[in-house]
Amino acid sequence: MRIALLGQPNCGKSALFNAVAGYKTAVSNFPGTTMEYVSSRVCLQGESFELVDLPGIYSLSTPEKEELLTRDYLLKKKPDLVVNIVDSSVLSRSLELTLELLELGLPLVVSLNMIDEARRKGIEIDVEHLSEDLGVPVVPTISIRGEGVPELFQKAVAAAKERRIGKTFFFSMDVERTVSHLSSLLGKDTADKLGVPTRMLAIKLLEEDEEFHAAVERASPVVIREVERLRGDLAECHGRPSDMVISSERHSLAMNLFEHVAKVKRRTEKSLRDQVDRYLMHPFLGYIILGLMLVTFFGFVFSLGKHLEAPLLGWFEALALYLSSWMEKTSVILALLTGLIQGFSGGIGIVLPVSA
Amino acid sequence: MITTLEKLKDGDKAVIRDIKGGHTVRQRLSRLGLHPSDPIQIIRSGYVGGPVLVGIHGAEVGIGHGMAQRVEVEVPDRP
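Structure report, in brief.

What counts, and at which threshold
Per chain, the residues get numbers from 1 upward, laid out in the order the sequence is written. Lettering for chains starts from A, numbering for ligands starts from 1, and both go in the order in which the items are written. The predicted origin of the model limits local features to residues at a pLDDT of at least 70 and limits the giving and counting of side-chain atom pairs to 80 or more, whereas totals for whole chains, interfaces and linings rest on all residues. In computing side-chain values, all of the structure's heavy atoms are included and hydrogens and water are not. By the convention used here, residues are in contact when the closest approach between their heavy atoms is within 4.5 Å. In this description, buried area is defined as the sum, over both parts, of the accessible area (probe of 1.4 Å) that is lost when the two are combined. Any Lys or Arg side-chain nitrogen found within 4 Å of a carboxyl oxygen on Asp or Glu counts as a salt bridge. The numbering of helices and of strands both runs from the N terminus, where a helix is a DSSP run of H or I of at least 4 residues and a strand a run of E of at least 2. Two strands pair under a simple rule: DSSP has to find at least two bridges between them. Lines fitted to C-alpha atoms define the axes here, with helix axes fitted over just the stretch in contact, and angles between the N-to-C directions of these axes take values from 0 to 180 degrees. We define a nonpolar core as any set of buried Ala, Val, Leu, Ile, Met, Phe, Trp, Tyr and Cys residues linked to one another through side-chain atoms lying within 4.5 Å. Burial status follows relative accessibility: with a 1.4 Å probe on protein chains alone, a residue under 20% of its type maximum counts as buried, one over 50% as exposed, and anything between as partly exposed.

1. As for the interface of chain B and chain A
Argument step 1. Chain B puts 20 residues into the contact, and the matching count from chain A is 28 residues.
Argument step 2. Summed over both partners, the interface of chain B with chain A comes to about 2,000 Å²; 53% of that surface belongs to carbon and sulfur atoms.
Argument step 3. Scanning the region where chain B abuts chain A turns up 1 salt bridge.
Argument step 4. With a closest N to O distance of 2.8 Å, B:Arg26 and A:Asp243 form a salt bridge.
Argument step 5. Breaking the side of chain B that touches chain A down by element, the ones donating at least two residues are β2 (13-19), α1 (23-31) and β5 (59-63) of chain B.
Argument step 6. When residues in the side of chain B that touches chain A are grouped by element, the largest group, 7 residues, is from α1(B).

2. Concerning the sheet that holds strand β1 (residues 2-7) of chain A
All names here are of chain A.
Argument step 1. Pairing is mixed in the open sheet, where 6 strands are placed in the order β2-β3-β1-β4-β5-β7. The sheet terminates laterally at β2 (38-44) and β7 (138-140), the two strands that pair on one side only. Pairwise comparison of adjacent strand axes, ignoring direction, gives a mean angle of 25 degrees for this sheet.
Argument step 2. Note that β2 and strand β3 (residues 47-53) share 7 bridges and pair antiparallel. Within β3, the position partnered with Val42 by the bridge is Phe49.
Argument step 3. In this fold helix α3 (residues 91-104) packs onto β1, β4 (81-87) and β5 (108-113), with an angle of close to 165 degrees to the strand it touches most, β4.
Argument step 4. Strands β5 and β7 of the sheet are contacted by helix α5 (residues 127-134), whose axis makes an angle of about 155 degrees with β7.

3. Brief notes about the environment of B:His65
Residue and element names in this part refer to chain B.
Argument step 1. With respect to the helices and strands, His65 occurs in helix α2 (residues 65-68).
Argument step 2. In the structure, His65 is positioned 21 residues away from Arg44 in sequence and 12 Å away in space, judged by C-alpha atoms.
Argument step 3. In contact with His65, not counting residues within four places along its chain, are Glu6, Gly49, Gly50 and Pro51.

4. Side note on the nonpolar core
Argument step 1. Within the largest apolar cluster, 60 residues are counted, with the highest numbers of intra-cluster contacts made by A:Leu74, A:Leu101, A:Leu134 and A:Leu205.
Argument step 2. For A:Leu134, the contacting residues outside a window of four places in its chain are A:Thr98, A:Leu102, A:Val110, A:Gly166, A:Lys167, A:Phe169 and A:Leu257.

This is how it looks when you write it as structure tokens:
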């Protein structure tokens, strides 16, 4: 069984992966930093499966090359289940990707990650309600602390066995009519060849997805002409390009869903982090603080180096002497060890005076 | 008043009207959660060509100056 972790950049995928797989993938605080996927064999509660950590993506339609890697993985390698990790503190935006994943028609489980952060922001999420609305299991988690993770994978394994696929969300009537018209034109064969459900292919074509457009154009140029006509119609009806029509539709579905399942309490007091940010990110003060921090840091390293250099070198010399008195002068091990020590102390002897 | 995103000041509230740009620009901004008719607030405006930090639906999103110029917004007139 193969389970893929997927979510928007910086939502805690790698932290979740580490919590389960037990070794460190580089977790970084910058969005979009997992550039290739890592996989690991995992045994959890008597179940064994392969866990894949995919690079974060905002959307399945994307102009970025790195993000296409993730999409290709989903379409071509077809994992048995996708765990959609959602940053609960920006739930409404994250749900747009969840909706796209539902279009994909793979078994899905949603992990409401950073649920503590959401609560801190005053967002209360009704988990059961959300699960009911999406038609897939939803589990609140705090991946850096491993909270909720066992339950998440228990549900994931169960859902993968059931092959549980979520609900289909429909757009507003006129858009939906265009989508279903295009779906029937495309037919199942074309979509199957590309590894996507027909409905998703239709939506992606209306979104002007370059890859799918090119693929369908090769297969049947007639259909593509119709696609272009439908795009034009949509654009004319809505007064904006067709890709924007679809993304706005998905956006409003996500917003409705969010309003349905979450309550936001207004917070009036500013958090400590906001206060600190005000100074650290200030356009002038920020640089002064940065300078001060660098001076303090290097000052600390330099003064430490100054005090450490002499005792360290003395200590290495003593060690070499001690070894030679203790072992035979001609032994290979002695030659190796003294070589090692000399190299080591030589190295430190070069680095320390420079930093001192 | 209709203007573009990068011209707003710290704390200004506005509503996105339109995104003036090609397919890629539209896709990028939509991925970050910026869509027409969304209410936004400027958290930090872009000083001398720097990025703009925008608060939108409870998230904070940094948008490059060039990209921000493509976002047409409507600021409610002060009474």
